[in-house]
Amino acid sequence: MSFSVWVRESVAGFPVTISFHALGMAFLVGIHFALDLRVLGLAPKLPVHLITKFYPLMWVSFVVALISGLMLLLAYPAKGLTNFVFYLKMILIASAFIVGKILTKKVVQQDAEITTKYKILALLSIGLWVSIIVAGRFLAYTYTILLTTDFY
Ligand code: HEM
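Presented here is a report on the structure given in the accompanying data block. Quick caveat: nothing in here was measured; it's all calculated off a predicted structure.

How each quantity is defined
Residues numbered from 1 in each chain as written. Predicted model: local features only at pLDDT ≥ 70, side-chain atom pairs only at ≥ 80, totals over all residues. Heavy atoms only, no water. Helix = DSSP H or I, 4+ residues; strand = E, 2+ residues; numbered from the N terminus. Buried < 20%, exposed > 50% of the residue type's maximum accessible area, 1.4 Å probe, protein only. Areas by Shrake-Rupley, 256 points an atom, 1.4 Å probe, with all protein chains shown as cover. Donors = N, O, S within 2.8 Å, 3.2 Å for Na, K, Ca; no water. Tetrahedral: all angles 85-135°; square planar, octahedral: opposite > 155°, others 65-115°. Core = buried A, V, L, I, M, F, W, Y, C linked by side-chain atoms within 4.5 Å. Contact = heavy atoms within 4.5 Å. Salt bridge = Lys/Arg side-chain N within 4 Å of Asp/Glu carboxyl O. Phe/Tyr/Trp six-rings, centres within 6.5 Å; stacked < 30°, edge-to-face > 60°. Lys NZ or Arg CZ within 6 Å of the ring centre and 35° of its normal.

**Considerations on the overall build of the protein**
Alright, step 1. Along the protein, the regular secondary structure elements total six helices and zero strands.
Alright, step 2. For the protein, the spread of C-alpha atoms along the principal axes amounts to about 60 × 25 × 20 Å.
Alright, step 3. Within the protein, the proportion of its 152 residues that are buried is 38%.
Alright, step 4. With an accessible surface of roughly 9,100 Å², the protein has 75% of that area assigned to carbon and sulfur atoms.

Below, the structure is given as structure tokens:
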């Protein structure tokens, strides 16, 4: 049985993979939200640099989401690769990381004063991560091709 067929058709393959995807997603988004909410004024007494203590866990979570995401893609390659929403999700992920990087550099590493500009970036970050989750869920409903073998 090929790896792609195993992920798609075995009893454990898809449920286990999508569970890891959800777990990776939860920590990845949760840790970004912690910084965003702090920038927006929640827990103002929390030293902002302490949030970066969670960053190693955030990177592990990203790797888990990435590997499980690639496995989900491998299970139904035509389904994902022919769907515009999949590419939109990838662009949103890259954008969310860029916004997170800017916030970390300015607010944490350079200890810049938290002005309206950074609050807008924090709101943008939350909006991007929410859109990524919605786009991920919508992948299941927006595809036009499930398997290329459907053609034969
Ligand atoms: C990093 C690379 C990633 C890849 C290649 C990827 C790929 C995929 C694929 C192929 C699916 C299955 C879609 C379907 O049912 O047809 C999926 C589901 C999903 N992804 Fe991702 N993903 C990635 C990262 C993320 C991240 C970072 C998040 C959230 C922050 C996310 C959120 C979701 C959600 C919510 C689902 C739906 C799960 C469900 O149906 O219950 N993904 N992803």
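**Quick notes on unusual backbone geometry**
Alright, step 1. For Ala43, which is not glycine, the phi torsion reads 45° and is therefore positive.
Alright, step 2. In the Ramachandran plot, Asp111 falls in the positive-phi region, its phi being about 50° despite a non-glycine side chain.
Alright, step 3. Positionally, Asp111 belongs in the loop between helix H5 (84–109) and helix H6 (116–142).
Alright, step 4. Judged by its relative accessible area of 61%, Asp111 is exposed.

**Notes on the coordination of the iron atom of the ligand**
Alright, step 1. Taken together, His21 (NE2) and Lys89 (NZ) make up the protein donors of the iron atom of the ligand, found 1.7 to 2.0 Å from the metal.
Alright, step 2. One way to put it: the six donor atoms around the iron atom of the ligand meet at angles of 87 to 179°, and that makes the site octahedral. Taken together, the positions of His21 in helix H2 (residues 13–39) and Lys89 in helix H5 put the pair 68 residues apart, joining distant regions of the chain.
Alright, step 3. Note on His21: relative accessible area 13%, which makes it buried.

**A short note on the nonpolar core**
Alright, step 1. Leu35, Val39, Leu103 and Trp129 are the most contacted members of the largest nonpolar core, which totals 23 residues.
Alright, step 2. If you tally residues by element for this core, the top one is H5, at eight residues.
Alright, step 3. Those residues within four positions of Val39 in sequence are excluded, and the remaining contacts are Leu103, Val107, Ile114, Tyr118, Lys119 and Ala122.

**Let's talk about the pattern of salt bridges**
Alright, step 1. Scanning the entire structure with this criterion turns up one salt bridge.
Alright, step 2. Across the salt bridge formed by Glu9 and Arg8, the nearest N and O atoms sit 3.3 Å from each other.
Alright, step 3. Note on Glu9: relative accessible area 53%, which makes it exposed.
Alright, step 4. Assessed through its relative accessible area of 18%, Arg8 is described here as buried.

**Observations regarding the packing of aromatic side chains**
Alright, step 1. In this structure the tally under the stated criterion is eight aromatic pairs.
Alright, step 2. Taking the centre distance of 6.0 Å and the plane angle of 75° together, the rings of Phe14 and Tyr76 count as edge-to-face. Separated by 62 residues along the polypeptide, Phe14 in helix H2 and Tyr76 in the loop between helix H3 (55–75) and helix H4 (77–81) bring together distant segments of the chain.
Alright, step 3. For Phe14, a relative accessible area of 25% corresponds to the partly exposed category.
Alright, step 4. With 6.1 Å between their ring centres and 85° between their planes, Trp59 and Phe62 make a pair best called edge-to-face. Of the two residues, Trp59 and Phe62 are both situated in helix H3; the distance of three residues between them amounts to about one turn of the helix.
Alright, step 5. Taking relative accessible area as the criterion, Trp59 reaches 44% and is therefore assigned partly exposed.
Alright, step 6. Among the aromatic residues, ring-to-ring pairing joins Trp59, Phe62, Phe97 and Trp129 into one connected group.
Alright, step 7. Over the aromatic face of Tyr76 sits the side chain of Lys79, whose NZ or CZ is 5.0 Å from the ring centroid.

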